[in-house]
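Structural features, examined
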Amino acid sequence: MGAKNHVIVMPDASPDATLNGLVAAGFGAAGQRCMALSTVVFVGGSKSWENKLVECGKYLSQCWNRT
């Protein structure tokens, strides 16, 4: 059921807004709605995003309130 939705992250993407959106779309719905995110495509590489994304995944409640 549902789709395999993708997001494309451009090199000039806002880090905080992007991380919040990725976490909300990837984990917030736990795959239970058609807009749940399953794949991220990083244009220009993903290395600079990996640790931050893992951190947000581990500490979801802290990530929602990033400033």
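Presented here is a report on the structure given in the accompanying data block. Counting starts from 1 at the beginning of each chain's written sequence and moves along it residue by residue. Whole-chain, interface and lining totals are the exception, using all residues; otherwise, since this is a predicted model, local features are given only for residues with pLDDT of at least 70 and side-chain atom pairs are given and counted only at 80 or more. The side-chain values count all of the structure's non-hydrogen atoms but skip hydrogen atoms and water molecules.

**Let's talk about the packing of helix H1 (residues 15–28) against helix H2 (residues 47–58)**
Axes here refer to lines fitted to C-alpha atoms; in helices the fit is confined to the stretch in contact. Angles between the N-to-C directions go from 0 to 180 degrees. Numbered from the N terminus, helices here are DSSP runs of H or I no shorter than four residues, and strands are runs of E no shorter than two. One can describe the packing of H1 onto H2 by two numbers: an axis separation of 10 Å at closest approach and a directional angle of 50°. Between H1 and H2, the crossing angle belongs to the class labelled oblique. With respect to the hand of their crossing, H1 and H2 are arranged in right-handed fashion. Facing H1, whose interface residues are Pro-15, Thr-18, Leu-19, Leu-22, Val-23 and Phe-27, H2 presents Trp-49, Lys-52, Leu-53, Cys-56 and Gly-57. Any angle that falls under 35 degrees is termed roughly parallel, while one over 145 is termed roughly antiparallel, one within 65 to 115 roughly perpendicular, and all others oblique. Handedness of a crossing follows from how the near helix is turned relative to the far one, being left-handed for an anticlockwise turn of less than a right angle and right-handed for a clockwise one. Residues count as neighbours in contact if any of their non-hydrogen atoms are within 4.5 Å of one another.

**Regarding the environment of Val-9**
Of note, Val-9 is situated in strand S1 (residues 5–9). Counting along the chain gives 34 residues from Val-9 to Val-43, while the straight-line C-alpha distance between them is 6.0 Å. With near-sequence residues (within four places) excluded, Val-9 lies in contact with Thr-18, Leu-22, Val-40, Val-41, Phe-42, Val-43 and Trp-49.

**Quick notes on H1**
The span one expects for a helix is its residue count, reduced by one, times 1.5 Å. An ideal rise of 1.5 Å per residue puts 20 Å on 14 residues; H1 measures up with 18 Å between its terminal C-alpha atoms. What H1 keeps buried is the set Thr-18, Leu-19, Leu-22, Val-23 and Ala-25. Accessible area is worked out with a 1.4 Å probe on protein chains only. A residue is then buried under 20% of its type maximum, exposed over 50%, and partly exposed in between.

**Overview of the nonpolar core**
We define the nonpolar core as a collection of buried residues of types Ala, Val, Leu, Ile, Met, Phe, Trp, Tyr and Cys that are connected through side-chain atoms lying within 4.5 Å of one another. Judged by nonpolar contacts, Val-9, Leu-19, Leu-22, Val-23, Ala-25, Leu-37, Phe-42, Trp-49 and Cys-56 together constitute the single largest core of 9 residues. Residues in contact with Phe-42, not counting those within four places in the same chain, are Val-9, Leu-22 and Trp-49.

**Points about a nonpolar patch on the surface**
Patch membership needs two things, relative accessible area over 30% and no salt bridge, and members are linked within 9 Å if like-charged or within 5 Å if nonpolar (Val, Leu, Ile, Met, Phe, Trp, Tyr). All accessibility values rest on the Shrake-Rupley procedure with a 1.4 Å probe; residue burial counts only the protein chains present in the view. What makes a salt bridge here is a side-chain nitrogen of Lys or Arg within 4 Å of a carboxyl oxygen of Asp or Glu, nothing more. A cluster of nonpolar residues, Ile-8, Met-10, Val-41 and Val-43, forms a patch on the protein surface that exposes about 330 Å² of accessible area. Examined against the element boundaries, Met-10 turns out to sit in the loop between S1 and H1. Relative accessible area serves as the criterion here: at 41%, Met-10 is assigned to the partly exposed category.

**Description of the pattern of salt bridges**
Summed over the entire model, instances satisfying the criterion amount to 1 salt bridge. The residue Glu-50 makes a salt bridge to Lys-47 at a minimum N-O spacing of 3.9 Å. A residue pair is termed a helical-turn pair when its members lie 3 or 4 positions apart in one helix, as Glu-50 and Lys-47 do in helix H2 at 3 residues. Residue Glu-50 is classed as partly exposed on the basis of its relative accessible area, which comes to 35%. For Lys-47, a relative accessible area of 67% translates into the label exposed.

By themselves these figures say nothing about function.
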